[in-house]
6 protein chains.
Amino acid sequence: MILRIDRIQTEMPPPSDPDPAGAARVQELMGGRFGEMSTLMNYTFQSFNFRNRQGARPFYDLIANIAAEEYGHIELVAIAINTMLTGATPPANGRPPGDALADLKDQAINPHHFLAGGQGALPQDSRANPWTGDYVFSSGDLVEDLTHNFFLETGARNNKLKVYEMVDHPAARALTGYLLVRGGVHQVAYARAVELLTGADLTKMFPTPRIPTAKIPECKPHLDAGSHLKLYRFSPNDYKEIVAVFTGPHPETGEELEVVDNAPEGFPMHDLPSQPAVFAPDYAPEEIKEIAQKLRKKAGLPDEPLGEVASSGNGGGIADKVKSKLS
Amino acid sequence: MILRIDRIQTEMPPPSDPDPAGAARVQELMGGRFGEMSTLMNYTFQSFNFRNRQGARPFYDLIANIAAEEYGHIELVAIAINTMLTGATPPANGRPPGDALADLKDQAINPHHFLAGGQGALPQDSRANPWTGDYVFSSGDLVEDLTHNFFLETGARNNKLKVYEMVDHPAARALTGYLLVRGGVHQVAYARAVELLTGADLTKMFPTPRIPTAKIPECKPHLDAGSHLKLYRFSPNDYKEIVAVFTGPHPETGEELEVVDNAPEGFPMHDLPSQPAVFAPDYAPEEIKEIAQKLRKKAGLPDEPLGEVASSGNGGGIADKVKSKLS
Amino acid sequence: MILRIDRIQTEMPPPSDPDPAGAARVQELMGGRFGEMSTLMNYTFQSFNFRNRQGARPFYDLIANIAAEEYGHIELVAIAINTMLTGATPPANGRPPGDALADLKDQAINPHHFLAGGQGALPQDSRANPWTGDYVFSSGDLVEDLTHNFFLETGARNNKLKVYEMVDHPAARALTGYLLVRGGVHQVAYARAVELLTGADLTKMFPTPRIPTAKIPECKPHLDAGSHLKLYRFSPNDYKEIVAVFTGPHPETGEELEVVDNAPEGFPMHDLPSQPAVFAPDYAPEEIKEIAQKLRKKAGLPDEPLGEVASSGNGGGIADKVKSKLS
Amino acid sequence: MILRIDRIQTEMPPPSDPDPAGAARVQELMGGRFGEMSTLMNYTFQSFNFRNRQGARPFYDLIANIAAEEYGHIELVAIAINTMLTGATPPANGRPPGDALADLKDQAINPHHFLAGGQGALPQDSRANPWTGDYVFSSGDLVEDLTHNFFLETGARNNKLKVYEMVDHPAARALTGYLLVRGGVHQVAYARAVELLTGADLTKMFPTPRIPTAKIPECKPHLDAGSHLKLYRFSPNDYKEIVAVFTGPHPETGEELEVVDNAPEGFPMHDLPSQPAVFAPDYAPEEIKEIAQKLRKKAGLPDEPLGEVASSGNGGGIADKVKSKLS
Amino acid sequence: MILRIDRIQTEMPPPSDPDPAGAARVQELMGGRFGEMSTLMNYTFQSFNFRNRQGARPFYDLIANIAAEEYGHIELVAIAINTMLTGATPPANGRPPGDALADLKDQAINPHHFLAGGQGALPQDSRANPWTGDYVFSSGDLVEDLTHNFFLETGARNNKLKVYEMVDHPAARALTGYLLVRGGVHQVAYARAVELLTGADLTKMFPTPRIPTAKIPECKPHLDAGSHLKLYRFSPNDYKEIVAVFTGPHPETGEELEVVDNAPEGFPMHDLPSQPAVFAPDYAPEEIKEIAQKLRKKAGLPDEPLGEVASSGNGGGIADKVKSKLS
Amino acid sequence: MILRIDRIQTEMPPPSDPDPAGAARVQELMGGRFGEMSTLMNYTFQSFNFRNRQGARPFYDLIANIAAEEYGHIELVAIAINTMLTGATPPANGRPPGDALADLKDQAINPHHFLAGGQGALPQDSRANPWTGDYVFSSGDLVEDLTHNFFLETGARNNKLKVYEMVDHPAARALTGYLLVRGGVHQVAYARAVELLTGADLTKMFPTPRIPTAKIPECKPHLDAGSHLKLYRFSPNDYKEIVAVFTGPHPETGEELEVVDNAPEGFPMHDLPSQPAVFAPDYAPEEIKEIAQKLRKKAGLPDEPLGEVASSGNGGGIADKVKSKLS
């Protein structure tokens, strides 16, 4: 089971200019065959199905623990998409009926971002095709599963770089810069695991694909902080045996790999402003706020929401910079 | 982001007689339109996409927190399936080549449990069709999303009861007994949320479908423990405002609903024995164990694995009851 | 637009022994590429998309009118499936919880008939895969569309005969016997239309496939009644120009084709009994009946339902033979 | 079974400027999860599968009758799409070979509208993904099915409003204006049915989503005519017990709901002009017309086609205004 | 089994201006229901499944032999797409990281051409939906299969003409010009086969659709060379009995059909230049070249590659015209 | 382009007892994610999309050449399935109408083998789900593509072994015995290619999965013949540079790898007998034979068919052993 934390693994920028076409492309990193839904669910099912765990504990712990980190990755992709969609419909005077979505008709958008969804991320790829459970590989054979995972991370890095190259919105760049580094760690982890089990030195293939992360400005701060060397333990008390596998030198830099014995502290999220043209969260968000406030009072909660946000959308008590910039 | 805990939300029985046809049916609760992948991913995406959270914090917290519990539900369904598949191939003399799978050829199994997978759970439904992202509804409109969630839990209860009626394997019964109670809590939570927002008293529809949970032996202990009244807060520090929504009387019993301000302690899992006929985790699990043991020693880990299990499959240091029973 | 009539195009037998495996196979005639959903939707969309209708009115009328008949065919397939599923769960003592579905676990059923649905027909094929809009061909080119339709009816006859050969339940046989004859009429109609437009005498291919309908007992009464020669006009006032195309000799018998200037009178349906084990229509159908009765009284309706049925399931005022046989 | 009428439920505008990108978006209302294929097929299968009808006749009649109306809705969506596609290829000099489709290459069109289809509507959604039978929910449990239907109509209204906001072509606006009103009636009907069965007053949720239909110019005439209060009985003699359920005040206006004991008279359709660039209905429609005319004469039909149209495309005897405007 | 020849059936132009939107549309001819994957796989499976071949040898040979030609057609479609994608990213300075794909973000491209693939053809259609095995029809009934094949070729011609009309890139035009002629031959072959088996003269339907190939400049040279009359035997020693079926006059011209007792000589392909922005074949193709050269030397191969190409991309020893034009 | 040869790569047994349930399972090797359709199409598209071939000729030749061999593998899987389906319906008295398929109704068959198809192989997997183009990976990055191919062959071996273990029909065993050996060669080839490009010695992972091919009786003759060491060149004149990559010692045995500079001679196929119950190739195959014979005579062909078969089904001049055994 899990505990959920209302923070994210890396800092994401606040909404700026909307980029709905870019958001449609970033969906590949969510619901594509090599997207974060795939890494999350592949490792999750492999950990669920792991037989004889006690006999292979370090490997079980490795897969189970990386699965936990991946949950945070689908969260980040969703945030990037939501940030890029913010402002794509007019927030101030956007209450239906009208033609708030008219400008989007001829654009290379994902139509479900607007017609079926509410300017929000979806478990779809860049074709707007849904993620499918058939993307999950769980053979039960440890060496095969690890081989798959190494290949999956390889393909994932390819896709991340290409999204980086295509979409220059700050949210997309912050996302791909971070994921390239963290995906790289997982790729190293699985290569090392195969090596320790079979002797095959997959690490000689690095970097694969040959992405020069050191030259990518959005990767730089993470590399400087040593994030490319660290595997975080995303659990209060479990998965402690990852140290037996995530060890040795980094294949590209030679620096020593390191297990961090806890999750990163994380960062608060921006509270994205409502988009009334698509009823998100409603035609008249202020009425919901009013109801919520009454319920909160009745429950003895303080006046200000307990949830921490990086910036308020338009519902909090703090001055609402984002909203005014957009309207 | 999440922290993962290597324990499960309810106690599950150890492997007994295999039931691969039953396992194929239980998959509906995993990857069906109303399965746990759907509840998990619907609430997860709705929480990711929630705009103006500060203005509607209790509702955001409710959806985000229930999403966290659902992760534990896909885990439980996977365990039930894996338990039922255990022993479906001969573990002792089952090393290939041979005809270890011959008896399964004519049965109503999910062929991917054996041919493509390794006697493990998959994100598929009872037709062996994959779960798809198109099962996710995330309109952004709070009232619509909650209406959907109430309907989704209703359909989910229907499916759970039917699996209960079809499959009497102890693992399937333990699963459905538990999920009927917990799904019931979520159904109440969403109905109450709609009521508080709109005044519509959906709770008058309860029980819907008209499942007499009190008469189901496998629900009984959970009802006796009051589990049908409790919403656990699956987070170290967040989602505290659920108390503002999950409140008032239970629609069926009139008892007061209750927020438990932490996750349940949980139970350890059984370490399911290897199934060498399908290479899970390998043709010769003892070799993997040997490698793992060397790596563990090198990493300074103690002789016994750090992971806690309810019973050892066949790789641990504890006497292996399960294995002997099956071979 | 349409008017719906609560009668069916041919007489169907009452429920007898259940045959859930047979029902799973009959689904091919519903949701397969050559099933009735396909014939219905192909002709419906072709008629919607027909350009320059006034210039080609007889052909527009032909396609539009056959589309209307096909609606009645998906109805018949559904009735056959529902009839075969009736009694597959114990109706009398089948109220959950229990193990009313246990016997079905190991059978070659469509699991959705029981787990996701309520012992009812679904828009799926014999693999339990859903019908898809990609089965619709609507090129807009009249000759191409007619060529397609001729081919579609050819494939459909193939599938119908095979279901006939595999499933001998009286409902399946009544269904396929009727559909083979009516599908044959449509096949002739499209072949004749191509012939009149291009001169190509497709009728020389008849019978294709070489099904000896005259030797099929369940086709016999329909042949004796001349049904293989008649095209009914399923409309109060429209589609009158079909006479210009559906004309000339029948390719197999040489008898003259005939347009019947109205729909057939039809037959009432059996009111299939409730199946409480799957909540169809509820755990306790008598309560629903009671509510309905009150509402009917309040609306000034007579004591007996206005709907005509061939036999009552278990909710009507007439002596309930079906129910007693099954319980 | 059905009778088909060659008229439509509301008046639609003649072709004007083409809008192929808009047509691609309107497809969501045809083949999306909440499109009219879904409402049609959900209610159709629920009525087919309804057990113990005599005991719950008013509810059976309600679902079966609304299903009948929905057939007219897929027809209207198709007409809107076809109207918007008319003129997207040059009709006068558009005979292949040439580059009649060149301008469309870079547009946000549905490529199947032109490459696989013939400038006609398809059972696809706004992503160009096909409608699938998995969108049908038919649990057999009356309360569940009605809950689903209420939710389905809610989601459908959301999608209709968004298409309204995105596409301002007169055909799209006429369509969505009408469907918002009629879908609203169905939403009320299902909410009322749930209320009468369970006591839960779902009507307190109205309007949901909060669409201000009264402010939508294209809804106005329908509201003025009281269409939002009326349920038409789409049958010569059946489904008479709908009066027992469709009763009481309208949740938004308090006006009394009303059953109209017949179908609306309807309106004739525009005969859309041929588009020879895509062979619809042929490279040389005048040749087809000539053949048709001979066949008509031979069949003793009058010189003018019997079918009534609002305006002739280019095949009829009436002066062809549409064609000349476009060429 | 097959022998593969590194040559193509018709001459294709070298890369010129890129046309990624056009490439997305041409995919319909690859992975659409009527694309070359479909013709290839339909005939391939029909030949695999052909029972009693000795008794119907000419027909078996016909289907098996046309299947062999179709392999060359998927190759040609791939080449057209790859040619049109060449240069869509900057080849010279396109090494990541950068924004080499930025211009593509807002275009009507297939996103998988760039994000998931490497500027290469995919088994997808113009919607970017994958080809599916459900497009294969293999009933085993010879007359039905031939009827299907005639219809399939008819639909395929329709799609080819429309792609011709939409995309004027030289590669697309060379492709469609050639495929229209060769597809026409297959259409004739299947029509004749049906005629010989049943007497039905499908050839009266020609041309269907009514494509005036003689007026299409890119068809002209193939018609002048008599390609529309010739069926090549794509086998060293087999399928010799095609002469018994592919015989008689061409339905449109009356000229005699002709079996050519060998495969055409074919043409060498252009070696398309690398596109380093998408790592095709790598970030630094020159390093791969260096490795390859060493391996070649070690294996005793000559300095110049043994493979013949129409023009070198950027890896060969020949002066690289293509590359310089693009950079 | 290709030349097709009417022979197969290994000897397959004649039909014996039918095994339709086994045939359903063998489909995984045809249309599963790791089936032969996938290996064929992955390598085919990768070769089509290979940029800068001259610079990396040995690698291009390797992928293109293995693709050619894979065509022969889908052929073998089809033959195994068709052989196992032969006799599943009564051949002698099986002419419809009757109940020739009745016994199959309750079995774990693929329903499309009988209802939609004609007792023939289909591009589907063991779930009866179609093969999809989304199984193709073609990144354009040589190292990535080769990594994928190594993983694909690994997964494919897993699936082959499991089918071997489940299905003991002689045709299935002959198939899997052969494919395990040949797939092993491809796995070695791709591992060696990665090693030569990057230095990573993937061969240390062998055998992966740990299949003891030497202990499998049906692998034995192929191993004895050295087939596990040989890469055949499936081309008259091309792909000669494979020698530069397929070289060095076999990872498991240390024996030297060997390029055979031509395709194997191959074996003739059994002419499978007709199955009139499913119209394959017709209701009355002797009539087709008669027509074919006339056409053959007219074309000047000899009395006996030119095609060579291992044994005649029921259409040839040779005494028909197969047929008499089955009837």
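Residues numbered from 1 in each chain as written. Chains lettered and ligands numbered in written order. Predicted model: local features only at pLDDT ≥ 70, side-chain atom pairs only at ≥ 80, totals over all residues. Heavy atoms only, no water.

Each copy of the sequence occupies a distinct position, and chain E is placed on chain F by a rotation of 180° and an axial shift of 0.0 Å, giving an RMSD of 0.0 Å. When the rotation and shift are considered jointly, the pair of chain copies conforms to a two-fold rotation axis. If distances are taken from each C-alpha of chain E to the rotation axis, the shortest is found for Thr 132 of chain E, at 2.2 Å. In this assembly the copies share their binding face: 100% of the residues contributing to the interface of chain E also contribute to that of chain F. (Least-squares fit on C-alpha atoms with pLDDT ≥ 70 in both. Contact = heavy atoms within 4.5 Å.)

This part takes up the relation of the copies chain E and chain D. If you rotate chain E by 120° and push it 0.0 Å along the axis, it lands on chain D with an RMSD of 0.0 Å. Taken together, the turn and the small shift mark the pair as related by a three-fold rotation axis. When C-alpha positions in chain E are compared against the rotation axis, the closest is assigned to Ala 108 of chain E, at 3.7 Å. A share of only 4% of interface residues in chain E that are also interface residues in chain D marks the association as one of differing surfaces.

With that settled, consider the environment of Val 181 of chain D. Residue and element names in this part refer to chain D. With respect to the element layout, Val 181 can be found in helix 6 (residues 170-198). Overall, the relative accessible area of 3% leaves Val 181 in the buried class. Between the C-alpha atoms of Val 181 and His 222, which are 41 residues apart in sequence, the distance is 7.0 Å. Excluding its chain neighbours within four sequence positions, the residues that come into contact with Val 181 are Cys 219, His 222, Leu 223, Ser 227 and His 228. (Helix = DSSP H or I, 4+ residues; strand = E, 2+ residues; numbered from the N terminus. Buried < 20%, exposed > 50% of the residue type's maximum accessible area, 1.4 Å probe, protein only.)

What follows deals with the interface of chain E and chain F. Facing 102 residues of chain E, the contacting portion of chain F comprises 103 residues. For the pair chain E and chain F, the two sides together bury roughly 8,900 Å², of which 61% comes from carbon and sulfur. Contact with chain F buries surface across chain E, with Met 1, Arg 4 and Arg 51 of chain E losing the most and accounting together for 13% of the total. Inspection of the chain E/chain F interface yields four salt bridges. (Buried area = accessible area lost by both parts, 1.4 Å probe. Salt bridge = Lys/Arg side-chain N within 4 Å of Asp/Glu carboxyl O.)

This part is about the packing of aromatic side chains. Summed over the entire model, instances satisfying the criterion amount to 75 aromatic pairs over all chains. Measuring from centroid to centroid gives 5.6 Å for Phe 34 of chain E and Phe 151 of chain E, while their planes differ by 85°, and the two rings are edge-to-face. Of this pair, Phe 34 of chain E sits in the loop between helix 2 (28-31) and helix 3 (36-48) while Phe 151 of chain E sits in helix 5 (residues 142-166), and the two are 117 residues apart along the sequence. With respect to class, Phe 34 of chain E is no different from Phe 151 of chain E; both count as buried. A network of ring pairs unites the aromatic residues Phe 34, Phe 137 and Phe 151 of chain A together with Phe 34, Phe 137 and Phe 151 of chain F as a single cluster. The positively charged end of Arg 173 of chain E is found above the aromatic ring belonging to Tyr 164 of chain E, 3.9 Å away from the centroid. (Phe/Tyr/Trp six-rings, centres within 6.5 Å; stacked < 30°, edge-to-face > 60°. Lys NZ or Arg CZ within 6 Å of the ring centre and 35° of its normal.)

This brings us to the nonpolar core. If you look at the biggest cluster of nonpolar residues, it comprises 570 residues, and the most contacted ones within it are Phe 59 of chain A, Phe 59 of chain B, Phe 59 of chain C, Phe 59 of chain D, Phe 59 of chain E together with Phe 59 of chain F. Those residues in contact with Phe 59 of chain E, other than ones at most four positions away along the chain, are Phe 50, Leu 142, Leu 146, Ala 193, Leu 197 and Val 245 of chain E together with Ala 292 and Leu 295 of chain F. (Core = buried A, V, L, I, M, F, W, Y, C linked by side-chain atoms within 4.5 Å.)

Many structure descriptions define interface size as the accessible area lost when the parts assemble. In this assembly, 26 residues from chain E lie in contact with 29 residues from chain D. For the chain E face of the interface with chain D, the top three residues by lost area are Glu 165, Met 166 and Arg 210 of chain E, together amounting to 33%. On the surface where chain E and chain D come into contact, there are three salt bridges. Its salt-bridge partner being Asp 282 of chain D, residue Arg 210 of chain E comes within 3.8 Å of it at the nearest N-O pair. The interface formed by chain E and chain D contains 13 residue pairs in polar contact (both at pLDDT 80 or more). Sorting the residues of the side of chain E that touches chain D by element identifies helix 1 (20-26) and helix 5 of chain E as the ones contributing at least two each. No other element matches helix 5 of chain E, which puts eight residues into the side of chain E that touches chain D. Among the residues forming the side of chain E that touches chain D, the class breakdown is eleven nonpolar, five polar and ten charged. (Polar contact = N/O pair within 3.5 Å; in protein donor to acceptor, adjacent residues only side chain to side chain. Nonpolar A, V, L, I, M, F, W, Y, C, P; charged D, E, K, R; others polar.)

None of this, on its own, says anything about what the molecule does.
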